[in-house]
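A closer look at the structure
For reference, the chains in residue letters:
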Amino acid sequence: MEPVFPEALKTLKDADPEIYQLVQKEKLRQIRGIELIASENFTSAPVMEALGSCLTNKYSEGLPGARYYGGNENIDQVERLCQDRALAAFRLDKSKWGVNVQPYSGSPANMAVYTALLVPHDRIMGLDLPSGGHLTHGYYTAGGKKISATSIFFESLPYKVNYSTGYIDYDKLEEKAMDFRPKMLICGGSAYPRDWDYKRFRDIADKCGAMLMMDMAHISGLVAAEEQASPFEYADIVTTTTHKSLRGPRAGMIFFRRGPRPSKRGEPEGQTYDYESKINMAVFPALQGGPHNHQIGALAVALKYATGPVFKAYQAQVKANAAALANALMSRGYKLVTDGTENHLVLWDLRPNGLTGSKMETICDMLHITLNKNAVYGDASALTPGGCRIGAPAMTSRGLKEADFVTIADFLHEAVELALEVQSSHGKMLKDWKMGLEGNPKVDELRARVEAFAEGFDMPGFTRGDVDM
Ligand code: DSN
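Analysis parameters
- Residues numbered from 1 in each chain as written.
- Predicted model: local features only at pLDDT ≥ 70, side-chain atom pairs only at ≥ 80, totals over all residues.
- Heavy atoms only, no water.
- Helix = DSSP H or I, 4+ residues; strand = E, 2+ residues; numbered from the N terminus.
- Buried < 20%, exposed > 50% of the residue type's maximum accessible area, 1.4 Å probe, protein only.
- Contact = heavy atoms within 4.5 Å.
- Polar contact = N/O pair within 3.5 Å; in protein donor to acceptor, adjacent residues only side chain to side chain.
- Phe/Tyr/Trp six-rings, centres within 6.5 Å; stacked < 30°, edge-to-face > 60°.
- Pairing = 2+ DSSP bridges.
- UniProt positions renumbered as here; feature names shortened; annotations may be inferred.
- Patch = residues over 30% accessible without salt bridge, like charges linked within 9 Å, V, L, I, M, F, W, Y side chains within 5 Å.
- Areas by Shrake-Rupley, 256 points an atom, 1.4 Å probe, with all protein chains shown as cover.
- Salt bridge = Lys/Arg side-chain N within 4 Å of Asp/Glu carboxyl O.
- Axes fitted to C-alpha atoms, helices over the stretch in contact; angles between N-to-C directions.
- Near = heavy atom within 4 Å.
- Nonpolar A, V, L, I, M, F, W, Y, C, P; charged D, E, K, R; others polar.
- Bend = angle between axes of the 7 residues up to and from the residue.

**Some thoughts on the environment of asparagine 41**
In this structure, asparagine 41 sits in the loop between β1 (34–35) and α3 (45–51). Since its relative accessible area comes to 15%, asparagine 41 is described here as buried. In this structure, the C-alpha to C-alpha distance between asparagine 41 and aspartate 444, residues 403 residues apart in sequence, is 26 Å. If we skip the residues at most four places from it in the chain, asparagine 41 touches His243, Lys244, Ser245, Arg247, Tyr314, Pro393, Ala394 and Ser397. Engagement of the side chain of asparagine 41 in a polar contact is seen with the side chain of serine 397, the distance being 2.7 Å.

Dropping the structure here:
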């Protein structure tokens, strides 16, 4: 019998050579490059297998055991397994914490929390974006332009880092919070190289009557491995993506307290948290449709491996590698925000070197080193960030150790010197500066060394031999 869709029997290569070729090119780019984006990682083959499985075919609005469509007997088990493993990975007691594993990613997870627990125009406080915070924690520009839906729908007053130390200014945060009286205080960020003082956040939240949410997206792998403090002792809600240090597929999770809660002044004893149904209803039907079951299955696979000594050793190595990179850069005279790191990333302030973060990102792209320009506190404009952010999770997944990160620091140092050399010879204008780099034999020579170095390490999930080109 002729198949209804002949392409269904073909391989990707035969069915769609254009996409197949682009996938091959991307594999080669990943294998040959030095990947330093702090929020990226290389996930494993079984995670990718689950992502590419028939779980993607099924609709399952609702929760396990209470779906709107039939045929969910296997999907229910997948989601329950994922929930159980998520709680186990963070050592959480089911009577005190629950989890929703359906958010498509981190931003939808955060929006679901706000939708569940706030009403429009409620007040929130999160770390300012130029201080290392995330867009979804309420960012608006210095000119008052509301960039994030969080600042469009809620009244947001950011707190900041201390401009001379780079650390969160907790005293100022407390003072601001007591005046502003937010309903929700948010901790967590995208470019903060230090751990979080959850006890202090809790004290401030209690003083001003706020809920405390931690967005641990960047550090959730480190938290699972107890390589960073755990927010669960103090926070009411914890959100995360799952593809950063946690090494899973792209997805999101929301953890919420359940069971008895302390009574507030004037309330009778015996109160319980009411977050669970509000958060579940916010994820679906308020914001999302059918869960992405292939992501949930893949996340369950990743969480199975997010406990135990191998995972712990990986996370400890991530931190050691970030510290080795930080020390190597500082020993060459460079300025890092907070003068170092105690997590997976470093924030490099390039302003003393007379180089913008954009130029550093551009030259590194030419050299096959991937990192991103990043605002550094005190930047005059968020459009010309004065630094760049560098993370260790991805290359640590390829087996790099401290000495290899010192080699990476050397490559980055060479990149800065070359960028400055071309700035002297061709001028600071981006167009002229780029002309000085295009076809420059020094770029080609350094890129060849970067690629030879990167290709010397294994890639989780696929090998050079799997690349069909
Ligand atoms: N894009 C991610 C990051 O780099 O931090 C989170 O939005």
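**Brief notes about the packing of aromatic side chains**
A full pass over the atoms with the stated rule returns 16 aromatic pairs. Consider the rings of phenylalanine 411 and phenylalanine 453, whose centres lie 5.5 Å apart with planes at 75°: the pair is edge-to-face. With a gap of 42 residues between them, phenylalanine 411 in helix α15 (residues 402–426) and phenylalanine 453 in helix α17 (residues 441–455) connect regions that are remote in the sequence. The class for phenylalanine 411 is buried, based on a relative accessible area of 5%. Here the aromatic cluster, defined as three or more aromatic residues joined through ring pairs, consists of Tyr159, Tyr170, Tyr192, Trp196 and Phe201.

**Considering the pairing of strand β15 (residues 387–391)**
The element β15 is extensively covered by neighbouring structure, given that five of its five residues are classed as buried. Side chains of β15 alternate between two faces, with Gly387, Arg389 and Gly391 and Cys388 and Ile390 buried alike. Where strand β12 (residues 345–349) lies against β15, five bridges are found, and the strand directions are antiparallel. By the bridge assignment, valine 346 is partnered in β15 with isoleucine 390. With three bridges connecting them, strand β14 (residues 372–374) and β15 associate as antiparallel partners. From the neighbouring strand, asparagine 374 faces β15, where its bridge partner is glycine 387.

**Quick look at the UniProt feature "modified residue: N6-(pyridoxal phosphate)lysine" (unreviewed entry) in the protein chain**
Under the feature "modified residue: N6-(pyridoxal phosphate)lysine" (unreviewed entry), the UniProt entry names Lys244. Relative to the helices and strands, lysine 244 resides in the loop between β9 (237–241) and β10 (252–257). In this structure lysine 244 comes out as buried when scored by relative accessible area, which is 11%. The contact partners of lysine 244, leaving out residues within four places of it in the chain, are Ser39, Asn41, Ala217 and His218.

**A look at a nonpolar patch on the surface**
Residues Leu12, Ile19, Leu22 and Val23 make up a contiguous nonpolar surface patch of roughly 330 Å² in combined accessible area. No other element matches the three residues that helix α2 (residues 17–32) contributes to the nonpolar patch. Tracing the sequence through the fold places leucine 12 in helix α1 (residues 12–15).

**Topic: the environment of glutamate 79**
Tracing the backbone through its elements, the reader meets glutamate 79 in helix α4 (residues 73–89). As for glutamate 79 and proline 291, which are separated by 212 residues in sequence, their C-alpha atoms are 9.7 Å apart. Setting aside anything within four residues of it in sequence, one finds glutamate 79 in contact with Leu63, Pro64, Arg67, Val101, Gln102 and Ile296.

**Overview of the sheet that holds β10**
Here seven strands make up an open sheet; going across it, the order is β4-β10-β9-β8-β7-β5-β6 and the pairing mixed. Of all strands in the sheet, those bounded by a partner on one side alone are β4 (97–100) and β6 (155–156).

**What about the sheet that holds β14?**
Across the sheet, four strands lie side by side as β11-β12-β15-β14; this open sheet has antiparallel pairing. Among the strands making up the open sheet, the edge pair consists of β11 (335–336) and β14. Where helix α13 (residues 357–366) meets the sheet, it contacts β12, β14 and β15, and its direction lies at approximately 175° from that of β14.

**Some remarks on the pairing of β12**
Most of β12 sits inside the fold, with five of its five residues counted as buried. Because side chains alternate across β12, one face comprises the buried residues Leu345, Leu347 and Asp349, and the other comprises Val346 and Trp348, equally buried. Pairing between β11 and β12: two bridges, direction antiparallel. Paired with lysine 335 across the two strands is aspartate 349, which belongs to β12.

**A look at the site of the ligand**
The ligand sits among Ser39, His134, Ser190, His218, Lys244 and Arg389. Histidine 218 has a polar side-chain atom sitting 2.7 Å from an oxygen atom of the ligand. The separation between an oxygen atom of the ligand and a polar side-chain atom of arginine 389 is 2.7 Å. In isolation the ligand offers 230 Å² of accessible surface; the protein chains occlude 63% of this area. Partitioning the shell around the ligand into residue classes produces no nonpolar, four polar and two charged.

**Brief notes about the pattern of salt bridges**
All chains considered together, the criterion is met by 30 salt bridges. Where lysine 319 meets glutamate 227, a salt bridge forms, and the shortest distance between an N and an O atom there is 3.2 Å. Placement of lysine 319 in helix α12 (residues 309–331) and of glutamate 227 in the loop between α9 (220–224) and β9 is noted, with a sequence separation of 92 residues between them. Judged by relative accessible area, glutamate 227 falls into the buried class, the value being 14%. We note a salt bridge from arginine 449 to glutamate 414, for which the minimum N-O separation is 2.8 Å. With arginine 449 in helix α17 and glutamate 414 in helix α15, this pair connects stretches of sequence that are 35 residues apart. Residue classification places arginine 449 among the partly exposed residues on the basis of a relative accessible area of 32%. In this structure, a network of salt bridges that share partners links the residues Asp171, Glu174, Arg200 and Lys207.

**Overview of helix α10 (residues 275–287)**
If you look at α10, its biggest bend is around 30°, right at methionine 281, and the proline proline 285 turns up within four residues after that. Packed against the buried residues of α10 are β2 (62–63), β4, α5 (106–117), β8 (211–215), β9 and β10.

**Brief notes about unusual backbone geometry**
For the peptide bond that leads from phenylalanine 284 to proline 285, omega is 10°, which places it in the cis range. Tracing the sequence through the fold places proline 285 in helix α10. The phi dihedral of histidine 368 is positive, around 65°, even though this residue is not glycine. Within the fold, histidine 368 resides in the loop between α13 and β13 (369–370). For histidine 368, a relative accessible area of 8% translates into the label buried.

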